[in-house]
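Each chain, letter by letter, is given below.
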Amino acid sequence: MNKPEFAIIGTGEVPCGIYPDRSEFEIAYTTARMAIQDAGIDKNEIGAVLGAVHIMGSEYNTEVFFGRLPEAIGAKGCKITAATVSGGGSSFSIRKTAEGILHSGETDTVLVIHAQRFSQFSANEQAKYFAAAGSDLEWDLPYGMTYNALAAMMTQGYMAYTGTTIEQVASVCVSHRKWANLQPNAMFHKKSLTVEQVLKSRMVAYPLTAFMCNVLADGGCAYIMTTAEKAKRVCRKPAYILGEASIYSHRSITNAVCRDLGKMHEFYAPIARKAYERTGLGPEDMDIFEIYGAYPFFTLMVADAMGFVEPGRSGALFESGETAPGGRYPCTTNGEALSFGHTGTGVGFGVFVEAVRQLQGKAGKAQVPDPKFLIEDCGGGAFMDIHFTIMGNEIPG
Amino acid sequence: MDIKEKLKQQLNLSDADFIKPLPVPTKWSQRFWDGAKQHKLLLKKCKTCGNIDHPPYLYCTECHSDDHEWIQASGKAKLYAFAINEYGVPFPFMPDLPYVLALVDLKEGPRMISNVVDCDHKKLENGMELEVVFEDVSEKISLPKWRPMKQ
């Protein structure tokens, strides 16, 4: 069992939605100040500032690469600044970067920032970019491949090979929406959703209807990460990183290590188990399951691997209502890409920051009563990788 | 008026917006596209370890050998999973809606993404037998696509 080395002590987040007049810089500076205030530290304690890369480019990236963030935030004690990206896995790879910096001893306090403004691009530009994000320019795009089609064929395969129904797939969207209704920063905070509405919405890529596809939005968040030692000293209720485990599979979905869409849990579950084993905890100890799915079928595949439901039966669990607010297995308590909003690499950041808020008792109306431990995941590209993290507000054992 | 002309008027687009993306072969994929032009489905097979890489890469992804041959695939495959695009695709593909995208498992092992054509969409079924058919899309490029095996 690993001794926890790192913790998050404060977070900041802006509302997610379509805000063309709110620049990436404004998001970054705003969330950074919120996170510093929430952590209760002096800004000059920050020794490293890490920025997530803005998806689809923008002058923001150039500025992050060349050190704008520490200057604008006034982080006078900054020694290191860098940009990190690995698609939807960025929230994990940037944290690994932060861990490396903390481990080096150069500083004990890192500020991590994500900011995204998709609304500066046209719908067609967004569609073209995301088609290339999920598919290969040479081998897939000449066939009219799209990201939604990628998710659609994986949904079709998952349903065909596990017996999951389309109603069960739709119930993931509904569970997410019920959580988002409790989240003031969620894009669809004020809109309710039923299984019937999901199924009756416009067919986009069979079997996926419009409400089964996520919506690109503007948003961002930030957090302060420190050594576990400092967290104990300065924070009443830190969120400790207890155990992590990762795997990479492929660039093109055609080269996935696991070729059986009905048995993806056989590939993912050993990684989740490795993360659990590194903490001495198991699925039965988890109070919340923060799943980065992006599409409903992937939420089901990840749930199948997390050890709290029989593989292939996640659809029935979501249909039962037990994953929604008040249920026995709270899943994805911010509503994630489908209901919180898809902010590029920020989907994972949003899920992670929500995990921290839950453990710190700061999740407002969405607060799960007194959670101690939770499991979180993220991954990117065309489902190229997965990273599981076990977190807690106490150190087990 | 055809769909393309309607879209051009509605969305204020030009013919250039409807040019479909074509494969740009690399040094290590050129033979595949040369083969496709002759309506042959070629696969890059390592002569050292026997591994087939698709997509092909610079060297064998199993053993790093440069020594390889291009074998002609049988053109027989099974439909593993599929999607039917109905809305929200890049402009050049809008006139084709609805169209099928599929994960196709070749008899020789590799899995490909392609279209299933000449098929009643209601009859698509996981595991159905497919055969390759080539669509000449430019002077240099022919795309391998798949249709239900003729009985």
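Everything here concerns the structure above.
Residues numbered from 1 in each chain as written. Chains lettered and ligands numbered in written order. Predicted model: local features only at pLDDT ≥ 70, side-chain atom pairs only at ≥ 80, totals over all residues. Heavy atoms only, no water.

Draft legend 1. Summary view of the overall build of chain B. Within chain B one finds 2 helices and 8 strands. Each helix and strand of chain B, placed in order from N terminus to C terminus, yields the pattern α-α-β-β-β-β-β-β-β-β. Dimensions of chain B, computed from C-alpha atoms along their principal axes, come out at roughly 55 × 35 × 25 Å. Sorting the 151 residues of chain B into buried and exposed places 44% on the buried side. In chain B, 52% of the contacts between residues at least 6 apart in sequence involve partners at least 24 apart. With the model as given, the accessible surface of chain B reaches about 8300 Å², and the carbon-plus-sulfur share is 48%. Seen as two clouds, the 21 positive and the 22 negative side-chain charges of chain B have centres 3 Å apart. (Helix = DSSP H or I, 4+ residues; strand = E, 2+ residues; numbered from the N terminus. Buried < 20%, exposed > 50% of the residue type's maximum accessible area, 1.4 Å probe, protein only. Contact = heavy atoms within 4.5 Å. Areas by Shrake-Rupley, 256 points an atom, 1.4 Å probe, with all protein chains shown as cover. Lys, Arg positive; Asp, Glu negative; His and termini not counted. Charge placed at Lys NZ, Arg CZ, Asp CG, Glu CD.)

Draft legend 2. Seen up close, the sheet that holds strand 3 (residues 68–72) of chain B. Ordered in space as 2-1-3 (chain B), the 3 strands form an open sheet in which the pairing is antiparallel. With partners counted over all chains shown, the strands left at the sheet margins are strand 2 (52–53) and strand 3 of chain B, one partner each. (Pairing = 2+ DSSP bridges.)

Draft legend 3. Up close: the side chain of A:Arg357. Residues and elements named next belong to chain A. The residue Arg-357 is located in helix 14 (residues 346–360) in this model. Its relative accessible area of 10% is what places Arg-357 among the buried residues. Ignoring anything within four residues of it in the chain, the contact list for Arg-357 reads Thr-11, Glu-13, Gln-183, Lys-362, Ala-363 and Gln-367.

Draft legend 4. Structural view of the packing of aromatic side chains. What the rule picks out here adds up to 23 aromatic pairs over all chains. Centre to centre, the rings of A:Phe289 and A:Tyr329 are 6.3 Å apart; their planes meet at 55°, and the pair counts as tilted. Of the two residues, A:Phe289 is situated in strand 9 (residues 288–290) and A:Tyr329 in the loop between helix 12 (314–320) and helix 13 (336–339); the sequence distance between them amounts to 40 residues. For the pair shown, A:Phe289 and A:Tyr329 are each scored as buried. With centroids separated by 6.0 Å and ring planes inclined at 40°, the aromatic side chains of B:Phe93 and B:Tyr99 adopt a geometry described as tilted. Comparing B:Phe93 with B:Tyr99 shows no difference in burial state: the two are buried. Put simply, the rings of A:Phe118, A:Tyr129, A:Phe130, A:Tyr147, A:Phe267, A:Tyr268, A:Tyr295, A:Phe297, A:Phe298 and A:Phe383 touch in pairs and so form one group of aromatic residues. Across the ring face of B:Tyr87, the terminal group of A:Arg202 is positioned such that the distance to the ring centre comes to 3.6 Å. A cation over an aromatic ring shows up here: B:Arg111 above the ring of B:Tyr80, its NZ or CZ 4.0 Å from the ring centre. (Phe/Tyr/Trp six-rings, centres within 6.5 Å; stacked < 30°, edge-to-face > 60°. Lys NZ or Arg CZ within 6 Å of the ring centre and 35° of its normal.)

Draft legend 5. Unusual backbone geometry, seen in detail. Note the cis peptide between A:Tyr206 and A:Pro207, where omega equals 10°. Assignment of secondary structure puts A:Pro207 in the loop between strand 5 (203–206) and strand 6 (208–209). B:Pro98 follows B:Leu97 through a cis peptide bond whose omega is -10°. As for its position among the elements, B:Pro98 is in the loop between strand 4 (76–85) and strand 5 (99–106). Even without a glycine there, the phi angle at A:Met56 is positive, about 75°. Looking at the element boundaries, A:Met56 is found in the loop between strand 2 (48–52) and helix 2 (59–65). For A:Met56, a relative accessible area of 16% corresponds to the buried category.

Draft legend 6. How the structure looks around the pairing of strand 11 (residues 385–392) of chain A. All names here are of chain A. The element strand 11 is extensively covered by neighbouring structure, given that 8 of its 8 residues are classed as buried. Neither face of strand 11 is left uncovered, since the one carrying Asp-385, His-387, Thr-389 and Met-391 and the one carrying Ile-386, Phe-388, Ile-390 and Gly-392 both have all their residues buried. Pairing between strand 8 (residues 239–248) and strand 11: 8 bridges, direction antiparallel. Across the sheet, the residue bridging to Tyr-248 is Asp-385, located in strand 11. Sheet topology places strand 10 (residues 373–378) next to strand 11; 6 bridges connect them, and they run antiparallel. Bridging from a neighbouring strand, Glu-376 pairs with Thr-389 of strand 11.

Draft legend 7. Structural context of the interface of chain B and chain A. Tallying the contact residues gives 41 residues for chain B and 30 residues for chain A. Between chain B and chain A, roughly 3200 Å² of surface is buried when both sides are summed, and carbon and sulfur atoms account for 60% of that area. By the criterion of area lost to chain A, the three top residues of chain B are B:Tyr87, B:Arg111 and B:Ile113, representing 21% of everything that side buries. For the interface between chain B and chain A, the tally reads 1 salt bridge. In this structure, the salt-bridge partner of B:Asp105 is A:Arg259, at a minimum N-O distance of 3.6 Å. Along the contact surface separating chain B from chain A lie 18 residue pairs in polar contact (both at pLDDT 80 or more). By residue number, the principal contributor to the side of chain B that touches chain A is strand 4 of chain B, which donates 6 residues. (Buried area = accessible area lost by both parts, 1.4 Å probe. Salt bridge = Lys/Arg side-chain N within 4 Å of Asp/Glu carboxyl O. Polar contact = N/O pair within 3.5 Å; in protein donor to acceptor, adjacent residues only side chain to side chain.)

Purely geometric stuff here, so don't read any function into it on its own.
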